[in-house]
Amino acid sequence: METKKAIENFPVSGEPIPTAVARWLGRIKAAAARVNAELGLLDADKAERIAAAGDQIAAGEFDDQFPIDVFQTGSGTSSNMNANEVMAALAGEGIHPNDDVNMGQSSNDVFPSAVHLAALDALVNDLLPALGGLAEALEAKATEFQDLVKSGRTHLMDAVPVTLGQEFGGYAAQVRQGISRIEVTLTRVGQIPLGGTAVGTGLNTHPKFAARVREILAAETGLTILAPADAFEAQASRDALVEVSGALKVVAVSLTKIANDIRLMGSGPRAGLAEIRLPELQKGSSIMPGKVNPVIPEVVTQVSAQVIGNDTAITVGGMQGHFELNVFVPLLARNLLESIRLLASASRLFAERCVAGIEANRENLERYAELTLSAATALNPYVGYDKASEIVKEAVASGRSLRDVAREAGVDDETLDKALDYRAMARPHD
């Protein structure tokens, strides 16, 4: 058996190919058997037994029958043969793994098709809903905090006032932009090389085979599954997987920014910023009583680091298309599906166990807003940049408030009331 040989040949990581890829191999081969029967190429009884076996694999009933290491032959031939042999055994007497189960197929077109569709499925049905939930949680906080003024910060230094709601609205927009970045890749991820067989020419397959299989798979799953823009591009390169991994990297960068801001704003409770309170999920120290840590933001940033690392390997793997075939497909599958899964899980946790429970520390927010000397920027139109700078320097040196120093410098109370309206500063065009 080819499966046994591959197990012996590739004792590398102890990690098999992603379960989703194995299941999609079963789904594709089930559809292929039905189509081959419709085209008069495969005996109807054989086709139905093969299809039933593929349906069982697609349902996850035989996940444990795909033990070959993910670091294997780069075309995925070993795992394709594994699927052929499992389905032939399940289908029973008279079924040949290559002649019957693999009819009209090659590892070179079927395995990458399974990877693309596993990724498309996970993106559409797992990651995008998870990111949508996170965006909604952030948007809800943006509304809740819309009137809570605070000090803005640039270069980690005090800046002119903003509202806490504006900051959370920015976070929500980052996530929405990430969703959009992923969505524009889906059409290309959904283009599969099925029907190209060995090199893209379609040798040994019926001209109607690929289109009919795609129709069945689309009807079964509701996914948008398309013919390739060009059969040879689809066979030789995995650029769509590199593209969507790049979009996932941007999402990871965005989530890192958001998570870091939230844990900085939540730092304290007494010696940090303490502008917000994060949900208390567990003890934060084995030695310091009462300590609470920003554990979910820490999870999010660790996941993001892994996704960025995965993208680097995917980028390198995407380069390995030599002539008519890319030979890093198992690695691409492993890293891309892990990135999708990790981002989906982290986004749900972030939304449900952190963002939804964030509370504002109104007292600290207002105190910081009033303390920021950058509010003197609002005096520029009235007294000019140079005089405003002098007021700031004196306030720093004396420890007095901007209002007191400005009044002493000759700025009247009416002007001060108008210029040093912190909420108006945060919304100058309302």
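Bear in mind the structure is a predicted one, so any value in this text is a computation, not a measurement. (Residues numbered from 1 in each chain as written. Predicted model: local features only at pLDDT ≥ 70, side-chain atom pairs only at ≥ 80, totals over all residues. Heavy atoms only, no water.)

Caption draft 1: Summary view of the environment of A172. Turning to its location among the elements, A172 is positioned in helix α7 (residues 164–183). Residue class for A172 comes out buried when judged on its relative accessible area of 3%. For A172, the residues in contact, after removing those within four places along its chain, are A135, L138 and E139. (Helix = DSSP H or I, 4+ residues; strand = E, 2+ residues; numbered from the N terminus. Buried < 20%, exposed > 50% of the residue type's maximum accessible area, 1.4 Å probe, protein only. Contact = heavy atoms within 4.5 Å.)

Caption draft 2: Region of the structure containing a nonpolar patch on the surface. Residues V316, V327 and F328 make up a contiguous nonpolar surface patch of about 200 Å² in total accessible area. By the secondary structure assignment, V327 is in the loop between β5 (325–326) and α13 (329–353). (Patch = residues over 30% accessible without salt bridge, like charges linked within 9 Å, V, L, I, M, F, W, Y side chains within 5 Å. Areas by Shrake-Rupley, 256 points an atom, 1.4 Å probe, with all protein chains shown as cover. Salt bridge = Lys/Arg side-chain N within 4 Å of Asp/Glu carboxyl O.)

Caption draft 3: The arrangement of the nonpolar core in detail. Of all hydrophobic cores here, the largest spans 103 residues; its most connected members are F168, I182, I262 and F350. Broken down by element, the residue count for this core peaks at 19 residues, all from helix α6 (residues 107–144). Beyond its immediate stretch of four places on either side in the chain, I182 contacts L123, L127, L128, L131, A247, L248 and V251. (Core = buried A, V, L, I, M, F, W, Y, C linked by side-chain atoms within 4.5 Å.)

Caption draft 4: Spotlight on the layout of surface pockets. By volume, the largest pocket is sized at about 530 Å³. Looking at the largest pocket, it is lined by 19 residues, and the ones nearest its centre are G266, G268, P269, L278 and V292. Of the residues contributing to the lining of the largest pocket, the split by class is 7 nonpolar, 7 polar and 5 charged. One number sums up the size of the second largest pocket: a volume of about 290 Å³. Considering the residues around the second largest pocket, the lining is formed by K150, R153, T154, H155, L156, E167, Y171, D261, L264, M265 and L273. Only β1 (149–154), α7 and α11 (239–265) provide two or more residues apiece to the lining of the second largest pocket. Looking at the lining of the second largest pocket, its residues break down into 5 nonpolar, 2 polar and 4 charged. (1 Å grid on protein atoms, 1.4 Å probe; cavity = no way out; pocket = protein on both sides within 12 Å on 5 of 7 lines; lining within 4 Å. Points joined across faces, edges and corners; volume = space filled by probe spheres on them. Nonpolar A, V, L, I, M, F, W, Y, C, P; charged D, E, K, R; others polar.)

Caption draft 5: Up close: the side chain of E338. Tracing the sequence through the fold places E338 in helix α13. Taking the relative accessible area as the measure of exposure, E338 reaches 16% and is therefore buried. Contact partners of E338, with chain neighbours within four places excluded, come to Q306 and N310.

Caption draft 6: Inspection of the packing of aromatic side chains at higher detail. Considering all chains together, one arrives at 2 aromatic pairs under this definition. With centroids separated by 5.5 Å and ring planes inclined at 75°, the aromatic side chains of F145 and F168 adopt a geometry described as edge-to-face. In this pair, F145 is assigned in the loop between α6 and β1 and F168 in helix α7, connecting sequence segments 23 residues apart. F145 gets classed as buried once you look at its relative accessible area, which sits at 1%. The class of F168 is buried, set by a relative accessible area of 0%. For the pair F168 and Y171, a centre-to-centre distance of 5.4 Å together with 70° between the ring planes defines the contact as edge-to-face. Placement of the pair is F168 and Y171 together in helix α7, with a separation of 3 residues, close to one helical turn. On the accessibility criterion, Y171 (3% relative accessible area) is buried. (Phe/Tyr/Trp six-rings, centres within 6.5 Å; stacked < 30°, edge-to-face > 60°.)

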